[in-house]
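What follows is the residue order along each chain.
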Amino acid sequence: MLLKTFGWSFAITAAGLALAGVLWGWQGLAIVAILSVLEISLSFDNAVINAGILRKMNPFWQKMFLTLGILIAVFGMRLVFPVFIVAITAKLGPIEAVKVAIQDHDRYEALVTSAHPAIAAFGGMFLLMIFLDFVFEDRDIKWLAWLEKPLAKLGKLETLSIVVSLVILLIAATTFATAVPVHDGEGTIDKATTVLLAGIGGLVTYLVVGGISGFFENRLEEAEEDEEDEAAKDAAPATAKQGNGSVVGLAGKAAFFLFLYLEVIDASFSFDGVIGAFAVTNDIFVMALGLGIGAMYIRSLTVFLVRKGTLDDYVYLEHGAHYAIGALAVILLISIKHEVPEVVTGLIGVVLIGLSFMSSVMRNRKEAAEGNGSGTKSEVASGA
């Protein structure tokens with residue numbers, strides 16, 4: 001099971017490190033390895049979130065996530081996206097932007113860094129909406145009940161998460177962005193406007209992609225509920241049963257928009273990794289290779305969590321991952337003005353997920369002990 005799931009990751013790691021050694025020597029190999037570890041540490045919570053969504057899809061779309069999805073993640077977000085950002089912010093043509101990325105590493109790093117406020121605002125708002133929609137929803141299983149119960153009551157107010165996100169965006173734009181002017185040769189531009197527009201763009205992207213995927217998912221669930229013939233249910237192409245007993249297998253439009261939603265989530269998580277990678281190297285190809293290897297492990301880990309039914313066995317993991325998302329969203333917004341070390345970002349996610357895992361283990365042990373106790377009592381009663 002482990003080798004089958006992580007086989008491609010192991011193979012790509014070996015090939016990638018070998019390629020790095022041939023092209024850039026031992027130093028390049030070491031840098032690629034460091035970037036891979038950096039990406040894994042920063043995006044571990046991403047795997048948990050992705051697993052919660054991926055388990056709703058059928059095997060075909062799960063494979064699409066590992067194949068087409070990894071191409072989008074590596075070449076799209078780690079290679080093309082930074083160049084695209086440079087072209088827009090520096091008002092360069094696509095060809096000229098590519099030349100800057102390849103030939104003038106220092107200028108390329110400076111241009112991407114100058115675009116960080118917009119990137120951080122977009123990704124921060126998208127991730128913040130994921131977190132708020134999670135904590136404002138009333139769930140049967142609560143990890144931090146003292147916090148989640150009152151938040152669930154507040155969540156009965158519609159659009160509360162949007163209001164809270166916009167208030168936080170306004171605070172970030174007026175406190176962090178105004179102190180970061182940019183000189184474009186025509187004067188000084190206040191970054192507050194850029195941050196506001198990028199943040200609203202992240203919010204709109206979340207509402208559109210998440211709303212469309214939720215719409216088709218709800219339509220599919222309604223269609224399943226209307227089916228009265230059990231044979232027709234078994235023949236329905238859009239559903240299937242997983243080994244852990246949970247209903248999965250979204251297909252068609254529902255799965256397609258969930259796939260898009262997954263890719264946007266991955267893009268938001270990759271922002272901090274791409275920016276943080278400049279602390280290690282400003283070579284675009286070294287960066288893409290190292291972060292790409294890490295991204296492959298995150299995808300393999302996502303599939304592993306789905307196939308093992310880990311989220312069903314350790315019920316607080318999803319909570320810990322969403323709290324990590326909330327922390328990352330806040331860190332991205334703070335980083336508009338203040339530099340936040342990548343080790344802090346990575347450790348916060350690891351600690352929160354670790355605590356949620358330990359809480360899940362303790363919960364399972366408690367339920368097992370209660371089950372054994374009740375079983376013994378029932379045996380004594382029946383014997384008497």
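Remember, it's a predicted structure, so these values are computed and weren't measured experimentally. (Residues numbered from 1 in each chain as written. Predicted model: local features only at pLDDT ≥ 70, side-chain atom pairs only at ≥ 80, totals over all residues. Heavy atoms only, no water.)

### Quick word on the overall build of the chain
For the chain, the count of helices and strands is 15 helices and four strands. By the burial criterion, 46% of the 384 residues in the chain qualify as buried. By sequence separation, contacts in the chain at least 24 residues apart represent 80% of the contacts at least 6 residues apart. Total accessible area on the chain stands at roughly 19,000 Å², and carbon and sulfur atoms take up 66% of it. (Helix = DSSP H or I, 4+ residues; strand = E, 2+ residues; numbered from the N terminus. Buried < 20%, exposed > 50% of the residue type's maximum accessible area, 1.4 Å probe, protein only. Contact = heavy atoms within 4.5 Å. Areas by Shrake-Rupley, 256 points an atom, 1.4 Å probe, with all protein chains shown as cover.)

### As for the nonpolar core
In terms of nonpolar packing, the biggest core is built from 73 residues, with Met57, Phe126, Leu127, Ile130, Val135, Tyr261 and Ile265 touching the most fellow members. Contributions of two or more residues to this core are made by helix 1 (2–54), helix 2 (59–66), helix 6 (116–135), helix 8 (160–177), helix 9 (191–226), helix 11 (252–277), helix 12 (284–308) and helix 14 (317–334). Excluding anything up to four places from it in sequence, tyrosine 261 contacts Ile53, Phe126, Ile130, Tyr206, Val209 and Gly210. (Core = buried A, V, L, I, M, F, W, Y, C linked by side-chain atoms within 4.5 Å.)

### Things to note about the side chain of histidine 322
With respect to the helices, strands and loops of the structure, histidine 322 is situated in helix 14. Those residues within four positions of histidine 322 in sequence are excluded, and the remaining contacts are Ile49, Ile130, Phe131 and Phe134.

### Comments concerning a nonpolar patch on the surface
On the surface, a nonpolar cluster with roughly 630 Å² of combined accessible area is contributed by Leu19, Val22, Leu23, Trp24, Val98, Ile102 and Phe285. Elements with a minimum of two residues in the nonpolar patch: helix 1 and helix 4 (94–103). Ranked by the residues each element gives to the nonpolar patch, the list is headed by helix 1, at four residues. If you trace the backbone, phenylalanine 285 turns up in helix 12. (Patch = residues over 30% accessible without salt bridge, like charges linked within 9 Å, V, L, I, M, F, W, Y side chains within 5 Å. Salt bridge = Lys/Arg side-chain N within 4 Å of Asp/Glu carboxyl O.)

### Quick word on the packing of helix 4 against helix 5 (residues 105–114)
Here helix 4 crosses helix 5 at 115°, and the two axes come no closer than 6 Å. Once helix 4 is placed against helix 5, the crossing between them reads as left-handed. Where helix 4 abuts helix 5, its residues Val100, Ala101, Ile102 and Gln103 lie against His105, Arg107, Tyr108 and Leu111. (Axes fitted to C-alpha atoms, helices over the stretch in contact; angles between N-to-C directions. Left-handed = near helix turned anticlockwise from the far one by under 90°.)

### Overview of helix 12
The end-to-end C-alpha separation of helix 12 is 36 Å, in line with the 36 Å expected for 25 residues at 1.5 Å each. Counting buried positions over the 25 residues of helix 12 gives 20, a clear majority of the element. One or two positions beyond helix 12, positive phi appears at glycine 309, with a value near 65°. (Expected span 1.5 Å × (residues − 1).)

### Section: helix 5
Helical periodicity: at 3.6 residues per turn, an α-helix aligns residues three or four positions apart in one direction. Looking at helix 5, one finds that the buried residues are Tyr108, Leu111 and Val112. Each buried residue of helix 5 sits inside an arc of 95° when the element is viewed along its axis, so together they form one side. (Arc of directions from axis to C-beta.)

### Considerations on the packing of helix 6 against helix 14
Running from N to C, helix 6 and helix 14 point in directions that differ by 145°, and their axes come no closer than 8 Å. In this structure, helix 6 meets helix 14 at a crossing whose hand is left-handed. Between helix 6 and helix 14, the contacting residues are Ala120, Ala121, Gly123, Gly124, Leu127, Leu128, Ile130, Phe131, Phe134 and Val135 on the first element and Glu318, His319, His322, Tyr323, Ile325, Gly326, Leu328, Ala329, Leu332 and Leu333 on the second. Considered class by class, the residues forming the contact of helix 6 with helix 14 number 14 nonpolar, five polar and one charged. (Nonpolar A, V, L, I, M, F, W, Y, C, P; charged D, E, K, R; others polar.)

### Topic: the pattern of salt bridges
Across all of its chains, the model carries three salt bridges by this definition. Close ionic contact of arginine 139 with glutamate 137 constitutes a salt bridge, the shortest N to O distance being 3.1 Å. The exposure class assigned to glutamate 137 is partly exposed, which follows from its relative accessible area of 43%.

### Some remarks on the packing of aromatic side chains
Tallied over the entire structure, the rule returns seven aromatic pairs. Between phenylalanine 126 and tyrosine 206, the ring centres sit 5.5 Å apart and the planes meet at 80°, which makes this aromatic pair edge-to-face. Within this pair, whereas phenylalanine 126 is found in helix 6, its partner tyrosine 206 is found in helix 9, the two being separated by 80 residues in sequence. Of the two residues, phenylalanine 126 and tyrosine 206, neither departs from the other in class, the shared state being buried. Here a set of aromatic residues connected by ring pairs shows up, and it is made of Phe60, Trp61 and Phe259. (Phe/Tyr/Trp six-rings, centres within 6.5 Å; stacked < 30°, edge-to-face > 60°.)

### Considerations on the side chain of serine 9
Within the element layout of this structure, serine 9 appears in helix 1. Judged by relative accessible area, serine 9 falls into the buried class, the value being 1%. Within the local environment of serine 9, its side chain forms a polar contact with the backbone oxygen of methionine 296, the two atoms lying 3.3 Å apart. A distance of 2.5 Å separates polar atoms of two side chains, one belonging to serine 9 and the other to serine 300. Beyond its immediate stretch of four places on either side in the chain, serine 9 contacts Met296, Tyr297 and Ser300. (Polar contact = N/O pair within 3.5 Å; in protein donor to acceptor, adjacent residues only side chain to side chain.)

### Quick notes on unusual backbone geometry
A positive phi angle, close to 65°, is found at threonine 159, a residue other than glycine. In this structure, threonine 159 sits in the loop between helix 7 (145–154) and helix 8.

### Quick notes on the environment of arginine 299
As for its position among the elements, arginine 299 is in helix 12. Apart from residues lying up to four places away in sequence, arginine 299 is in contact with Phe65, Leu66, Gly69, Ile70, Ala73, Glu263 and Asp266.

### Topic: the confidence of the model for the chain
Summing up the model confidence of the chain, the mean pLDDT is 77 and the portion of residues at 70 or higher is 80%. Between residues 238–248, whose pLDDT stays under 50, and residues either more than four places distant or in other chains, the model counts 25 contacts. Under a pLDDT of 50 for its full length, residues 376–384 has, in the predicted model, zero contacts with residues more than four places off or in other chains. (pLDDT = per-residue confidence, 0-100.)

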